[in-house]
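Examining the three-dimensional arrangement
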Amino acid sequence: MSCPQNVDWNAYVLGEMGEADKRSAAAHLPTCGDCREELVGVQGTLSSLAALRDEEMPRRISFVSETAPQPAWWQRWNPMLASASLVAAAIVAHAFIGQAPTEISPALQSQIEQQMEQNKELQDQLLVLDQQNKSYQQAYKATMNLVTY
Amino acid sequence: MIFREVEDRDLIAKAKRGDVEAYNLLVSRWEKRVFNYLLRLVRNREDAMDVSQDVFLKAYQNLAKLDDAGKFAGWLFRIAHNEAFSLLRKKKPEGELPLETGGVGTGLLPIELSVAVESALARLNADQREAVLLKVYQGFKFEEMAEILECPVSTVKSRLYTALELLKTSLSPQALRSSAR
């Protein structure tokens, strides 16, 4: 380009020119054929480049949670454990707020002991399940799984 | 654009606190831009897809290091740039790559022009191509590009202007007409 003004038409079109310089360049344009040609060239190139459209992705990116969702307290109880607990609670409640017997009958005593034994077994099972749950969660946390769909 | 930045800030803050769903939302807002940037740079869809996944995984792992959420775009593209060039370095030196120009027909339909542009971009070296991608297609300012590319603004401008000069020749009406024949 032979124009002595040496205007940066790339910066002009790309929005990288200050307001004052932009006004000055715009004022110069009608007076200079070289600059008009240069500007048309830059605009033409950018206009052609705009023909290239974004492509769709072959698949989307998504991450899964590092922490496994925690079950609610009521979901942690399985029905067998829950019913056993309810029976135990009912027996205890009956013992304290029922007819307030002066002495516990041998049959009831035996039933309570049997239930307590069963409770202990269930608690042991619960502990094992809890331990398993923790180890699954640790294994899950150990990897940040990347999945795509 | 302002709303987008505000929403991004919110999502970034949530993701920093471990909210993966918020991060997934953030990914969904940026993945197409990052993918297309990488696609033009590495010029292979599967590579671009794999690198995109790596970029967002790295971004997630390093999100705590992002001090200013307003600079997320530049920071993300900086990761993408590093990952893309790491891949390009592993592959053969660029040299003269074969161009897929077979799709150009006799006229200048949009799809034909798109193929011609793709070919013209492929003829640039990786630095020049990246300068065009960041400025023309991603709309970054020179200063932001300098941060992403870790080089002076003068280098950014030099790469971009050289690229535009080359593109002006290869995308001139005469060149397009002759390639369409």
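Residues numbered from 1 in each chain as written. Chains lettered and ligands numbered in written order. Predicted model: local features only at pLDDT ≥ 70, side-chain atom pairs only at ≥ 80, totals over all residues. Heavy atoms only, no water.

**Regarding the overall build of chain A**
The secondary structure content of chain A amounts to 6 helices and 2 strands. Counting from the amino terminus, chain A carries its helices and strands in the arrangement α-α-α-β-α-α-α-β. When the 149 residues of chain A are sorted by exposure, 24% land in the buried category. Across chain A, contacts joining residues at least 24 apart in sequence account for 69% of those joining residues at least 6 apart. Accessible area of chain A: about 10600 Å², with a carbon and sulfur share of 55%. (Helix = DSSP H or I, 4+ residues; strand = E, 2+ residues; numbered from the N terminus. Buried < 20%, exposed > 50% of the residue type's maximum accessible area, 1.4 Å probe, protein only. Contact = heavy atoms within 4.5 Å. Areas by Shrake-Rupley, 256 points an atom, 1.4 Å probe, with all protein chains shown as cover.)

**Describing the overall build of chain B**
Within chain B, the regular secondary structure consists of 9 helices and 0 strands. Listing every helix and strand of chain B by position from the N terminus yields α-α-α-α-α-α-α-α-α. Looking at chain B as a whole, 48% of its 181 residues qualify as buried. Considering only contacts in chain B between residues 6 or more positions apart, those separated by 24 or more positions represent 61%.

**A word on the pattern of salt bridges**
Side-chain pairs of opposite charge can arise whenever the charged atoms involved come near each other. Counting across every chain of the model gives 17 salt bridges over all chains. In this structure, A:Glu55 and B:Arg40 form a salt bridge, with 3.7 Å as the shortest nitrogen-oxygen distance. With A:Glu55 in the loop between helix H3 (33–49) and strand E1 (61–63) and B:Arg40 in helix H2 (residues 20–42), the pair connects residues from two separate chains. Its relative accessible area of 8% is what places B:Arg40 among the buried residues. In this structure, A:Glu55 engages B:Arg45 in a salt bridge whose closest nitrogen and oxygen atoms are separated by 2.4 Å. Of the two residues, A:Glu55 sits in the loop between H3 and E1 while B:Arg45 sits in helix H3 (residues 45–61), which places them in two different chains. For B:Arg45, a relative accessible area of 35% translates into the label partly exposed. Within this structure, A:Glu55, B:Arg40, B:Arg45 and B:Glu118 form a network of salt bridges that share partners. (Salt bridge = Lys/Arg side-chain N within 4 Å of Asp/Glu carboxyl O.)

**Details of the interface of chain A and chain B**
Between chain A and chain B, the residue contacts involve 32 residues of the former and 41 residues of the latter. Buried area between chain A and chain B, both sides added, is near 3400 Å², and the carbon and sulfur share of it is 60%. Summed over the shared surface of chain A and chain B, the number is 8 salt bridges. In this structure, A:Arg59 and B:Glu46 form a salt bridge, with 3.5 Å as the shortest nitrogen-oxygen distance. Of all the elements in the fold, those that place two or more residues in the side of chain A that touches chain B are helix H1 (9–13), H3, E1 and strand E2 (146–148) of chain A. Of the residues belonging to the side of chain A that touches chain B, the class tally is 14 nonpolar, 8 polar and 10 charged. (Buried area = accessible area lost by both parts, 1.4 Å probe. Nonpolar A, V, L, I, M, F, W, Y, C, P; charged D, E, K, R; others polar.)

**Brief notes about the nonpolar core**
With 83 residues, the main nonpolar core has A:Trp9, A:Leu49, B:Tyr23, B:Leu38, B:Phe56, B:Phe72 and B:Leu167 as its most contacted residues. Ranked by the residues each element gives to this core, the list is headed by H2(B), at 13 residues. Those residues within four positions of B:Phe56 in sequence are excluded, and the remaining contacts are A:Ile61, A:Phe63, B:Tyr23, B:Val27, B:Trp30, B:Glu31, B:Val34 and B:Leu76. (Core = buried A, V, L, I, M, F, W, Y, C linked by side-chain atoms within 4.5 Å.)

**Details of the packing of H3(B) against helix H4 (residues 72–90) of chain B**
All names here are of chain B. Interaxial distance between H3 and H4 falls to 9 Å at its minimum, and their mutual angle equals 135 degrees. Overall, the two elements H3 and H4 adopt an arrangement that is oblique. Both H3 and H4 take part in a crossing whose hand is right-handed. From H3, Asp 47, Val 51, Asp 54, Val 55, Phe 56, Lys 58 and Ala 59 reach across to H4, where they touch Trp 75, Leu 76, Ile 79, Ala 80, Glu 83, Ala 84 and Leu 87. Looking at the contact of H3 with H4 residue by residue, the class counts come to 10 nonpolar, no polar and 4 charged. (Axes fitted to C-alpha atoms, helices over the stretch in contact; angles between N-to-C directions. Parallel < 35°, antiparallel > 145°, perpendicular 65-115°, else oblique. Left-handed = near helix turned anticlockwise from the far one by under 90°.)

**Describing the confidence of the model for chain A**
Scored by pLDDT, chain A has a mean of 78; 67% of the residues are at 70 or more. Within chain A, the lowest mean pLDDT, 50, falls on E2(A), and the highest, 96, falls on H1(A). (pLDDT = per-residue confidence, 0-100.)

**Looking at the packing of aromatic side chains**
Scanning the model with the defined rule gives 9 aromatic pairs over all chains in all. Summarising the aromatic geometry, the rings of B:Trp30 and B:Phe72 are spaced 5.8 Å apart at their centres and angled 70 degrees between planes, so their arrangement reads as edge-to-face. Here B:Trp30 is found in helix H2, whereas its partner B:Phe72 is found in helix H4, with 42 residues between them in sequence. For B:Trp30, a relative accessible area of 4% puts it in the buried group. Aromatic pair B:Phe77 and B:Phe140: ring centres 5.1 Å apart, planes at 70 degrees, arrangement edge-to-face. Taken together, the positions of B:Phe77 in helix H4 and B:Phe140 in the loop between helix H6 (126–137) and helix H7 (142–149) put the pair 63 residues apart, joining distant regions of the chain. Under the relative-accessibility criterion, B:Phe140 is labelled buried at 4%. Its end group placed over the ring of A:Tyr12, A:Lys22 keeps NZ or CZ at 5.8 Å from the ring centre. Between the NZ or CZ atom of B:Lys135 and the centre of the ring of B:Phe142, over which it lies, the distance is 5.0 Å. (Phe/Tyr/Trp six-rings, centres within 6.5 Å; stacked < 30°, edge-to-face > 60°. Lys NZ or Arg CZ within 6 Å of the ring centre and 35° of its normal.)

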